[in-house]
Every structure is written in structure tokens, then in C-alpha cells.
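Summary of the model geometry
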Amino acid sequence: MKFLVLALCVVTVMADPHWITLDAHEVEQVKATWKAVSHDEVEILAAVFKAHPDIQARFPHFARKDLDSIKDSSDFAVHAGRIVGFFGEYVALLGSEANQPAIKTLLHDLGTSHKARGIVASQFNEFRDSMTAYLKSHSSWNADISHSWDDAFDKAF
């Protein structure tokens, strides 16, 4: 029975091409906030690793290394660009109905690659918490913007 309910949920999501749409106001707020921090890839990833060392431990290249010693390395910058760049790609695609298939593919690929690495939902939530904290402290922030980002994260994750 549980499998049937799950299958129906999956079919419903797949049948609705609007499953990840944000309203225009939310898109505007997410894009404006993202623009304020989009160039901070290294600082964002460092904030995530600092708040959640268990996430850093999931990266073989950075596991068991002092964050201050790796933060200024080119390897860290490249990886930060990839990770934070994903969010930049997601945000850039928001707001256009024509981009729905691309968003769905982007999110599917993220889920598939992270599942294969054993990443669990709680680590996505830790990443989200750290990203939200960074956004709050490095951009204009209020309850409305917080709601927009919550919606964007909810739909992405």
C-alpha cells in the first residue's frame, strides 16, 4: 500500500509541469538576493563547512583538513564554484515557464549524484541552513524574502 501511495505521488509530480514554479514576486526576491552574494562562492562554502564539518567530511579532497588551510586554495575555489554555481544555475532558470524542463533535469541530476555518494536529507537541510544564514547576513533580508527562499529551497530539495 505504501508503494502505491508513493507511486501515485511520483506520477502526480511528473504529470504537473509546474511542480517547481515560484510566483513572480518570489522569483524577483530570490534573484535579487542571490545577486548580492553570487560572487561569494568560497565564503559560502567555507561557511557551510564551518557550520557543518560533517559536510566537509563528505568531500574526500577536503576531509580531515583544517578549513583555514584549504579555504584559499585553488582546489577549494574550483569546488566552491561548482557547488555554489549549482544554485546560481537554479536561480537563473527561475521565472520562465520554458525553463521548467531544465530545472527538473538540474534537480534530478543533483539528486542522483548525491544519492550515489550517500548524501542524506539531513545534510541537504544542514547545507540549506548554512546557505540561509549566509544570505541573511550578507544581503537585505526580511520575512518576505525569507519566505521566498524557503519556497525556493523547498521546491529544489
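Residues numbered from 1 in each chain as written. Predicted model: local features only at pLDDT ≥ 70, side-chain atom pairs only at ≥ 80, totals over all residues. Heavy atoms only, no water.

With their axes 12 Å apart at the nearest point, helix α8 (residues 121–138) and helix α9 (residues 143–156) run at an angle of 155° to one another. As far as their axial angle goes, α9 and α8 are roughly antiparallel. Judged by the sense of rotation from one axis to the other, the crossing of α8 with α9 is right-handed. From α8, Arg-128, Met-131, Thr-132 and Leu-135 reach across to α9, where they touch Trp-149, Asp-150, Phe-153 and Asp-154. (Axes fitted to C-alpha atoms, helices over the stretch in contact; angles between N-to-C directions. Helix = DSSP H or I, 4+ residues; strand = E, 2+ residues; numbered from the N terminus. Parallel < 35°, antiparallel > 145°, perpendicular 65-115°, else oblique. Left-handed = near helix turned anticlockwise from the far one by under 90°. Contact = heavy atoms within 4.5 Å.)

Scanning all chains against the criterion turns up 10 aromatic pairs. Ring centres of Phe-59 and Phe-62 lie 6.5 Å apart, and the angle between their planes is 45°; on these two criteria the pair is classed as tilted. Residue classification places Phe-62 among the buried positions, given a relative accessible area of 3%. (Phe/Tyr/Trp six-rings, centres within 6.5 Å; stacked < 30°, edge-to-face > 60°. Buried < 20%, exposed > 50% of the residue type's maximum accessible area, 1.4 Å probe, protein only.)

Before going further, it helps to spend a moment on the side chain of Asp-151. In this structure, Asp-151 sits in helix α9. If we ignore the near neighbours within four places in the chain, the residues touching Asp-151 are Leu-22 and Glu-26.

Core analysis: the biggest nonpolar cluster contains 40 residues, and Trp-34, Phe-49, Phe-76, Tyr-90, Met-131 and Trp-149 have the highest contact counts within it. Those elements that provide at least two residues to this core are α2 (24–37), α3 (41–51), α5 (67–70), α6 (74–93), α7 (100–116), α8 and α9. It is α6 that contributes the most residues to this core, 9 residues altogether. When near neighbours in sequence (up to four residues on either side) are disregarded, Phe-49 contacts Ile-55, Gln-56, Phe-59, Phe-62, Leu-67 and Phe-76. (Core = buried A, V, L, I, M, F, W, Y, C linked by side-chain atoms within 4.5 Å.)

Let us look at the packing of α2 against α6. Between α2 and α6, the least distance of the axes is 10 Å, while the angle of their chain directions is 145°. For the crossing formed where α2 meets α6, the hand is left-handed. Together, Val-30, Lys-31 and Trp-34 of α2 and Val-84, Phe-87, Gly-88, Val-91 and Ala-92 of α6 make up the contact between the two elements. Considering only residue class, the contact of α2 with α6 consists of 6 nonpolar, 1 polar and 1 charged. (Nonpolar A, V, L, I, M, F, W, Y, C, P; charged D, E, K, R; others polar.)

So, on to the pattern of salt bridges. A full pass over the atoms with the stated rule returns 4 salt bridges. Between Glu-43 and Lys-71 there is a salt bridge, with the nearest N and O atoms lying 3.1 Å from each other. Remark: Lys-71 occurs in the loop between α5 and α6 and Glu-43 occurs in helix α3; sequence separation between them is 28 residues. Of the residues examined, Glu-43 reaches a relative accessible area of 37% and is grouped as partly exposed. A salt bridge links Asp-150 to Arg-128, with the shortest nitrogen-to-oxygen separation between them at 3.6 Å. Residue Asp-150 is found in helix α9, and its partner Arg-128 is found in helix α8; the two are separated by 22 residues along the sequence. On the accessibility criterion, Arg-128 (14% relative accessible area) is buried. Beyond isolated ion pairs, a larger network of salt bridges with shared partners links Arg-128, Asp-150 and Asp-154. (Salt bridge = Lys/Arg side-chain N within 4 Å of Asp/Glu carboxyl O.)

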